[in-house]
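Residue strings, one per chain:
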Amino acid sequence: MQEKMSLSNYIAVGSMLFALFFGAGNLIFPAQLGQQAGENLWPAILGFLVTGVGLPFLGVIAIGYSGSNHLQELASRVHPLYGVLFTSILYLTIGPFFAAPRTGTVAYEIGITPYVGTDAGGMPLFLFTLAFFAVTLWLSLNPAKIVDRVGKILAPGIVILLAILIAMAVFRPMGDIQPATEPYAEGAFTKGFTEGYNTMDAIAALVFAIIVVNAVKAMGMKSKKAITSATFRAGLIAILLLAVLYIGIAFIGATSVQLFGMFETGGPVLSSAATHFFGSFGTLLMSVVIILACLTTAIGLISANGEYFHSLFPKISYKAFVWIFTVFTFTIANFGLSNIITFSVPMLMLLYPLAISLLLLTFTSKLFHHSRIVYVAATTMALIIGIIDGLKALAGSLDTEFGWLVPVDEFLTANLPLYSEGLGWVLPVIAALVITGTIARLAGPDTEERPN
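Residues numbered from 1 in each chain as written. Predicted model: local features only at pLDDT ≥ 70, side-chain atom pairs only at ≥ 80, totals over all residues. Heavy atoms only, no water.

As recorded in an unreviewed UniProt entry, the chain goes by Branched-chain amino acid transport system carrier protein and comes from Bhargavaea cecembensis. Listed under Sequence similarities (unreviewed entry) in UniProt, the entry text for the chain is "Belongs to the branched chain amino acid transporter family." Checking UniProt for the chain, the heading Subcellular location (unreviewed entry) contains the comment "Cell membrane". (UniProt positions renumbered as here; feature names shortened; annotations may be inferred.)

(A) Representation of the overall build of the chain. Across its full length, the chain holds 20 helices and zero strands. For 452 residues, the compact-globule estimate of 2.2 N^0.38 gives 22 Å, and the C-alpha radius of gyration of the chain, at 22 Å, lies within 12% of that figure. By its C-alpha atoms, the chain is 70 × 55 × 40 Å across when sized along the principal axes. Counting all 452 residues of the chain, 54% fall into the buried class. Relative to all contacts within the chain whose residues are 6 or more apart in sequence, the contacts with residues 24 or more apart total 81%. By element, 68% of the accessible surface of the chain is carried by carbon and sulfur atoms, the whole surface being about 19,200 Å². (Helix = DSSP H or I, 4+ residues; strand = E, 2+ residues; numbered from the N terminus. Rg over C-alpha atoms; globule rule 2.2 N^0.38 Å. Buried < 20%, exposed > 50% of the residue type's maximum accessible area, 1.4 Å probe, protein only. Contact = heavy atoms within 4.5 Å. Areas by Shrake-Rupley, 256 points an atom, 1.4 Å probe, with all protein chains shown as cover.)

(B) Local environment of the environment of Ala-100. Residue position: Ala-100 is located in helix α6 (residues 99–111). In sequence terms Ala-100 and Pro-353 are 253 residues apart; their C-alpha atoms lie 21 Å from each other. Those residues in contact with Ala-100, other than ones at most four positions away along the chain, are Ile-94, Gly-95, Phe-133, Leu-301, Ile-302 and Thr-329.

(C) Here's a closer look at the environment of Ile-290. Summarising the element assignment, Ile-290 is placed in helix α15 (residues 280–312). On the basis of relative accessibility, which here comes to 2%, the residue Ile-290 falls in the buried class. For the pair Ile-290 and Leu-71, spaced 219 residues apart in sequence, the C-alpha separation works out to 29 Å.

(D) Here's a closer look at the side chain of Asn-305. Structurally, Asn-305 can be placed in helix α15. Assessed through its relative accessible area of 0%, Asn-305 is described here as buried. Excluding residues within four positions of it along the chain, Asn-305 makes contact with Tyr-91, Leu-92, Gly-95, Pro-96 and Phe-325.

(E) Expanded view of empty space enclosed by the protein. For the structure shown, the criterion picks out two cavities of 30 Å³ or more. In terms of lining, the second largest cavity is formed by Val-78, Tyr-82, Leu-354, Ser-357, Leu-358 and Thr-379. Ranked by residue count, the leading element in the lining of the second largest cavity is helix α17 (residues 337–364), at three residues. A breakdown of the residues in the lining of the second largest cavity according to their chemical character gives four nonpolar, two polar and no charged. (1 Å grid on protein atoms, 1.4 Å probe; cavity = no way out; pocket = protein on both sides within 12 Å on 5 of 7 lines; lining within 4 Å. Points joined across faces, edges and corners; volume = space filled by probe spheres on them. Nonpolar A, V, L, I, M, F, W, Y, C, P; charged D, E, K, R; others polar.)

(F) Structural context of the pattern of salt bridges. All told, the structure shown has two salt bridges when counted by the stated rule. Glu-195 is paired through a salt bridge with Lys-191; the nearest N and O atoms lie 3.3 Å apart. In this pair, Glu-195 and Lys-191 both sit in helix α11 (residues 188–195), four residues apart, roughly one turn of the helix. By relative accessible area, Lys-191 is classed as partly exposed at 25%. (Salt bridge = Lys/Arg side-chain N within 4 Å of Asp/Glu carboxyl O.)

(G) Expanded view of helix α16 (residues 318–333). Between its terminal C-alpha atoms α16 stretches 22 Å, which fits the 22 Å expected from 16 residues at 1.5 Å a residue. Here α16 has its buried residues at Tyr-318, Phe-321, Val-322, Phe-325, Thr-326, Thr-329, Phe-330, Ile-332 and Ala-333. Axial view of α16: buried residues confined to an arc of 160°, hence all on one face. Looking at the packing, one finds that the buried side of α16 touches α5 (80–97), α6, α8 (123–140), α15 and α17. (Expected span 1.5 Å × (residues − 1). Arc of directions from axis to C-beta.)

(H) Region of the structure containing the packing of α6 against α17. Between α6 and α17, the least distance of the axes is 9 Å, while the angle of their chain directions is 140°. As far as their axial angle goes, α17 and α6 are oblique. As α6 runs across α17, the sense of the crossing is left-handed. Contacts between α6 and α17 pair Pro-101, Arg-102, Thr-105, Val-106 and Glu-109 from the former with Leu-337, Ile-340 and Ile-341 from the latter. Its residues assigned to classes, the contact of α6 with α17 shows five nonpolar, one polar and two charged. (Axes fitted to C-alpha atoms, helices over the stretch in contact; angles between N-to-C directions. Parallel < 35°, antiparallel > 145°, perpendicular 65-115°, else oblique. Left-handed = near helix turned anticlockwise from the far one by under 90°.)

(I) View of α17. In this model α17 runs 39 Å from its N-terminal to its C-terminal C-alpha over 28 residues, within 8% of the 40 Å that 1.5 Å per residue would give. Of all the bends in α17, the largest measures some 30° and sits at Val-345, one to four residues before the proline Pro-346. (Bend = angle between axes of the 7 residues up to and from the residue.)

So, in structure tokens, the structure goes:
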């Protein structure tokens, strides 16, 4: 009998995935892009969609396509120890160390600060994050109901609220689209392409994909072909929702400059637009959107971390890990958004090349007979450049300078294409993959043990 899910199940899982992806950063960055890109909005948003939507989609599909039961198994194709270390660091980065605390602080700063003011002190943040992560804890303790609670309740609420605001902006534009600012005046597509990384969804996809695969398995999908097909269709629903909302939010940003001027970030763009169209109700509307978006992301991050570390340490229960990570996340959140962002950037500069390289290797693995040496060579190139980029970002965050790093940075800037754009790892990874992949293919499938 052919395995097949109903349309309602595809929509439920796709909506769940959309809600897990769609956090506050996904609201802010396209709005900021719209303001800055101006008349070059369309090539800029197209570049943004490639990385902000395309890469996360590939990340979800890669897990289903690989046949791996989890990210650690996939990363272990490089080496079993690397699989554990890479997966653990990635989970902690988009979990309790950085991304999960950011959900609470962003929700507070955009959704609550308009009501309490910027000089309210630390107590309002403490009380809000206490309530915010208490709800996160409750919804994360029973992951079997994530599809129902997240996919069927919170995600539609986000879509409806944003659709209303976007519709108002389309039918009653706030102003004319202005000329592009310098970063987008030339090479708008490339600039938009790199801005898409800021969503962090390409990394998060490798975690959220496990939730999707488990959900489709629970709905009766057993074979690799059925799981891949169901994951593809559910992922397609999620990325279409993301793409439509990104385009709409970017349009709001582009039409807001004439009325409001240029904002430093995208947050005020949306809150100002909501207030413009709906008055005080608009402010409340935007607060609800932000809080719901952040809450759904927090649920996914805490749940995924609980499941993974319970698999590493089965003597500690899933619920115990959820409690531990939620309390830790709540604590980190109260250090404030600026501190969280400052120390997350260096880690992202390290992880992004490794994560994207793993996706590339996953989809090309059959071409080089799954040879481990190809995985090792390409990952090594990504790791070397990633470490340098991460240390450079850390030095910038700390407003200091690592003396030995200066000549290395100057040499790579002068000799390595795309390095100055933060993509210096691309050509070395591709070169390593092509060279070692060709050797492995010519040598035949029996010269290397197939990775687990």
